[in-house]
Amino acid sequence: MLINALLGFIQALLLLLLTPLFTGISRKLRARIQTRKGAPILQDYYDLAKLFSRQEMVTKNAGPIFKWMPAIYLGSYFAIAMGLPLLTANSPIPFLADVITIIYLLAVPRFFFALASIDTSSSFAGVGGVRELIVSTLVEPGMMLSLIVVALLAGTTSITEISIMNLTGNIPALMAFVVAGIAFAYCTYIELGKLPYDLAEAEQELQEGPLTEYSGASLAFLKLGMGLKQLVMLGLFIAIFLPFGASLDGSFISVVLAAVILIVEILVIYFIVGIIENVVARVRFANASHQIWVSLGIASLAFVFLIVGI
């Protein structure tokens, strides 16, 4: 058990260390698509080092929730990253690789992010926190229903068993699984914070209002947490719907090969995301609900296919 926990910690730590690299690649890719030079790929590492070296300023009205939120935000996604079966089909920490557990863990950072916005006594940050809760209300039903469909197909909420079911091709209702994957992919894209559903780096946007109140190490932790969130969401999608290359026997060579395949899959997804966000315009927040609810409709269709058995 201790060895598995150590492996899970190492896996999450590697994802955390690679987070600024992937966010830098994403930003560079977006710039190149727009025929701009863009910032260096390693720019996020420089920015984080600069933030950690700067003094942290806290508003006089800030309470304990405001001070704890960056650590809770980053820690929640770090815990999810520890349990995901990314390199091997078997999760390093099985109780963290459970659909229900992950749904609750995903809600924790969003809740504290919104709560911290109110704790600052800033109206700008408060509006941003409310918008964050509204987005979660819209996207989470579709995400949960798609995960429930997959769990019912596998007969378990364990992501390890779901991943093995996908690897072995023993899927009872293939159409239901594919449609659930489409619904979850749509929800994942929204969670990435890309256009047309806002931009993760845009602190001037109302949805990112709470970030304007943070500085120094706290802002660095939040930046890391937001980047790690992207990798965790992509890792969750890959572990469930695209686990191809994950090691079944846990041998060193197969794990190394799985790591290479995982990196390639993430880069390919980032490339697709980069193309999508460069051909769409930002949607008005008042109209976002009309589009985000589509995910629930697709997930409902997957549930119908599950009942029918196709």
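Structure first, text after, so check above.
This report concerns the structure included in the present document.

What counts and what doesn't
- Residues numbered from 1 in each chain as written.
- Predicted model: local features only at pLDDT ≥ 70, side-chain atom pairs only at ≥ 80, totals over all residues.
- Heavy atoms only, no water.
- Helix = DSSP H or I, 4+ residues; strand = E, 2+ residues; numbered from the N terminus.
- Expected span 1.5 Å × (residues − 1).
- Bend = angle between axes of the 7 residues up to and from the residue.
- Phe/Tyr/Trp six-rings, centres within 6.5 Å; stacked < 30°, edge-to-face > 60°.
- Buried < 20%, exposed > 50% of the residue type's maximum accessible area, 1.4 Å probe, protein only.
- Contact = heavy atoms within 4.5 Å.
- Arc of directions from axis to C-beta.
- Salt bridge = Lys/Arg side-chain N within 4 Å of Asp/Glu carboxyl O.

Let's talk about helix H5 (residues 123-154)
Link 1 in the chain: Along its 32 residues, H5 runs 46 Å from first to last C-alpha, staying within 8% of the 46 Å computed at 1.5 Å per residue.
Link 2 in the chain: Along its length, H5 shows its largest kink, about 35 degrees, at Val 139, and proline Pro 141 lies within four residues downstream of that point.
Link 3 in the chain: Of the residues one or two after H5, Gly 155 is the one with positive phi, at around 75 degrees.

A closer look at the packing of aromatic side chains
Link 1 in the chain: Per the stated rule, a full pass over the model turns up 11 aromatic pairs.
Link 2 in the chain: Ring plane angle 50 degrees and centroid distance 5.9 Å describe the contact between Tyr 73 and Phe 113, whose orientation is recorded as tilted. One end of the pair, Tyr 73, is in helix H3 (residues 64-83); the other, Phe 113, is in helix H4 (residues 99-119), and 40 residues separate them in sequence. As far as burial versus exposure is concerned, Tyr 73 and Phe 113 are alike and both buried.
Link 3 in the chain: Ring pairing ties together the aromatic residues Phe 177, Phe 184, Phe 237 and Phe 241, which thus form one cluster.

What about the side chain of Glu 191?
Link 1 in the chain: Here Glu 191 is to be found in helix H7 (residues 174-191).
Link 2 in the chain: The exposure class of Glu 191 is buried, given its relative accessible area of 8%.
Link 3 in the chain: When residues no more than four places from it in sequence are discounted, the contact partners of Glu 191 are Arg 110, Val 139, Met 143, Lys 229 and Met 233.

Describing unusual backbone geometry
Link 1 in the chain: Phi is positive for Thr 35, which is not a glycine, with a value near 60 degrees.
Link 2 in the chain: With respect to the helices, strands and loops of the structure, Thr 35 is situated in the loop between helix H1 (2-33) and helix H2 (43-53).

A closer look at H2
Link 1 in the chain: Inspection of H2 places Asp 44, Leu 48 and Leu 51 among the buried residues, and these make up the whole buried set. The buried residues of H2 occupy an angular sector of 60 degrees when projected down its axis, which confines them to one face.
Link 2 in the chain: Those residues of H2 hidden inside the fold are in contact with H1 and helix H8 (216-241).

Some thoughts on the side chain of Ser 136
Link 1 in the chain: Positionally, Ser 136 belongs in helix H5.
Link 2 in the chain: Excluding anything up to four places from it in sequence, Ser 136 contacts Arg 110 and Pro 141.

Considering the environment of Ile 307
Link 1 in the chain: With respect to the helices and strands, Ile 307 occurs in helix H11 (residues 294-308).
Link 2 in the chain: In sequence terms Ile 307 and Ala 173 are 134 residues apart; their C-alpha atoms lie 9.2 Å from each other.

A closer look at the pattern of salt bridges
Link 1 in the chain: Scanning all chains against the criterion turns up 5 salt bridges.
Link 2 in the chain: With its nearest N and O atoms 3.6 Å apart, the salt bridge here joins Glu 277 to Arg 30. Highlighted residues: Glu 277 in helix H9 (residues 252-277) and Arg 30 in helix H1, separated in sequence by 247 residues. Of the two residues examined, Glu 277 and Arg 30, each falls in the buried class.
Link 3 in the chain: One salt bridge connects Lys 229 with Glu 191, and the closest N-O pair in it is separated by 3.1 Å.

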